[in-house]
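Chain residues, written in single-letter form:
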Amino acid sequence: MTTTPARGPAAARAAAETDRQVRRLYRLAYRVHSIGNTLADPDATAGTVARATARIPRALSAAKRLLALPGVADHDETPYALGFVHAAERRLTDPATRLLTVANAARAAAARAAADGDDLRVVVFRDIEERSRHLVGAARGEPVSGRRGWTRQDRTASDTLQRQAAQWGLTAGTDGRPPGPAGPGHPPVPARLAREAADRAATRARCAPGIRCERPACPAYGALWVEHGGRRWFVCARCLPAENADLRARGFRPDAKPVPGGVPEGARFSVRLYNAAGRGARAVECGTAQEAQFIAETERPFNNTGYEISVRYASRPSARP
Ligand SMILES: [Zn+2]
């Protein structure tokens, strides 16, 4: 520093003030950097993306205001802080961020298609979501230098996905319009997805009679809800004698019989999907037996997914007052 004695105290005060503002710039830079990093997470939800894309521009404006203060722009440590700010700014227009938006729109559209029983769209949208999140994961690179982890193929795949998302109406939803063409006409579908959709449709048709018989190897659907000794499960009418013979052989009274009145009106079904090769389970609630059986046969949250279907009474009082 070449401060002349005459300017001493005033210059020192100005320098201290500049240092204080640069420290503010650093706090801001670290904050915006961590917000930007939430956009590198392949599992980022629509809410996370919305929050980050709203907060980053606000942080950029605040950084601009700090840079306009005396001495801040020229401060030795300012460029390093700005590196974080600019990295976050680049995230806003990064193809990976657009893919996150595509992934979240696809997830929402797949859920709507599932509710509509539109198997083709469920399969297509889940595929778009899966491939988008995979590419977001691959894009995780060094945020400050701007170096990306994408190969040339990844870039091509990203372009293809964004084009598909537009074709299927997924990216039109950003302005609040409901995404997805509603009619039967749709863009071309790869053969593997068409097969998958046909499989889903076949499973749906198979599940139309209701819950599958729980006796191993019995292919019957539309099983009876039976009870024995406080337990209730599903067995078809043809298997009931064999089920009772098994109970007798195991030393129980052979009196398993249909639950009087059957499944009550308004009852719901709970499908517990569990990891048959380890820990983990989740439950899906369904309004009909057909839907419960379909979920049980099509949702595969684990590599080795097993399922249990139980009946829940809508009128059952809650344990809590
Ligand atoms: Zn059976």
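Everything that follows concerns the structure shown earlier in this document.
The rules behind these values
- Residues numbered from 1 in each chain as written.
- Predicted model: local features only at pLDDT ≥ 70, side-chain atom pairs only at ≥ 80, totals over all residues.
- Helix = DSSP H or I, 4+ residues; strand = E, 2+ residues; numbered from the N terminus.
- Buried ≥ 20, exposed ≤ 12 C-beta atoms within 10 Å, placed from the backbone.
- Contact = placed C-beta atoms within 7 Å.
- Axes fitted to C-alpha atoms, helices over the stretch in contact; angles between N-to-C directions.
- Parallel < 35°, antiparallel > 145°, perpendicular 65-115°, else oblique.
- Left-handed = near helix turned anticlockwise from the far one by under 90°.
- Nonpolar A, V, L, I, M, F, W, Y, C, P; charged D, E, K, R; others polar.
- Pairing = 2+ DSSP bridges.
- Core = buried A, V, L, I, M, F, W, Y, C linked by C-beta atoms within 7 Å.

Draft legend 1. Quick look at the overall build of the chain. Secondary structure summary: the chain contains nine helices and six strands in total. Expressed as a percentage of the 321 residues in the chain, the buried residues total 26%. Sequence-distant contacts in the chain: of pairs separated by 6 or more residues, those separated by 24 or more amount to 60%.

Draft legend 2. Representation of the packing of helix α7 (residues 191–206) against helix α9 (residues 289–298) in the model. Direction vectors running N to C along α7 and α9 enclose 140°, while the axes themselves pass 9 Å from each other. When the axes of α7 and α9 are compared, the pair comes out oblique. As for how α7 packs across α9, the hand of that crossing is right-handed. Contacts between α7 and α9 involve R200, T203 and R204 from the first element and F294, E297 and T298 from the second. Partitioning the contact of α7 with α9 into residue classes produces one nonpolar, two polar and three charged.

Draft legend 3. Looking closely at the pairing of strand β2 (residues 231–235). Pairing between strand β1 (residues 224–228) and β2: five bridges, direction antiparallel. For E227, the partnering residue across the bridge sits in β2 and is R232. What sits between β1 and β2 in their antiparallel hairpin is a turn of two residues, with G229 showing a positive phi close to 55°.

Draft legend 4. Up close: the nonpolar core. Counting residues in hydrophobic clusters, the biggest one holds 40 residues, and the most contacted among them are V32, L99, V102, A106, F125, I128 and L170. Mapped by element, the contributors of at least two residues to this core are α1 (8–38), α2 (46–67), α3 (78–93), α4 (95–116), α5 (119–139) and α6 (152–167). Here the element with the most residues in this core is α4; it accounts for eleven residues. When near neighbours in sequence (up to four residues on either side) are disregarded, L99 contacts S132, L135, V136, S158 and L161. Counting 19 residues, the second largest nonpolar core, distinct from the first, contains L224, C236, C239 and A296.

Draft legend 5. Highlighting the sheet that holds strand β4 (residues 268–275). Overall, antiparallel pairing links the three strands, which are arranged β5-β4-β6 in an open sheet. With partners counted over all chains shown, the strands left at the sheet margins are β5 (281–286) and β6 (305–312), one partner each. Shown here is a sheet whose adjacent strand axes are inclined to one another by a mean of 20°, direction ignored. With six bridges joining them, β4 and β5 adopt antiparallel strand pairing.

Draft legend 6. Summary view of the environment of Q21. Residue position: Q21 is located in helix α1. Under the C-beta neighbour-count criterion, Q21 is labelled partly exposed, with 19 such atoms within 10 Å. Considering only alpha carbons, one finds Q21 and L67, 46 residues apart in sequence, at a separation of 8.7 Å. Apart from residues no more than four positions distant in its own chain, Q21 is found in contact with L66, L69 and V72.

Draft legend 7. The arrangement of helix α8 (residues 240–249) in detail. Among the ten residues of α8, zero are classified as buried, and the element is accordingly described as predominantly exposed. At the C-terminal side of α8, G251 shows a positive phi close to 90°.

Draft legend 8. Expanded view of the pairing of β1. In the sheet, β1 pairs with strand β3 (residues 257–258) via two bridges, with the strands oriented antiparallel. If you follow E227 over to β3, its bridge partner there is K257.

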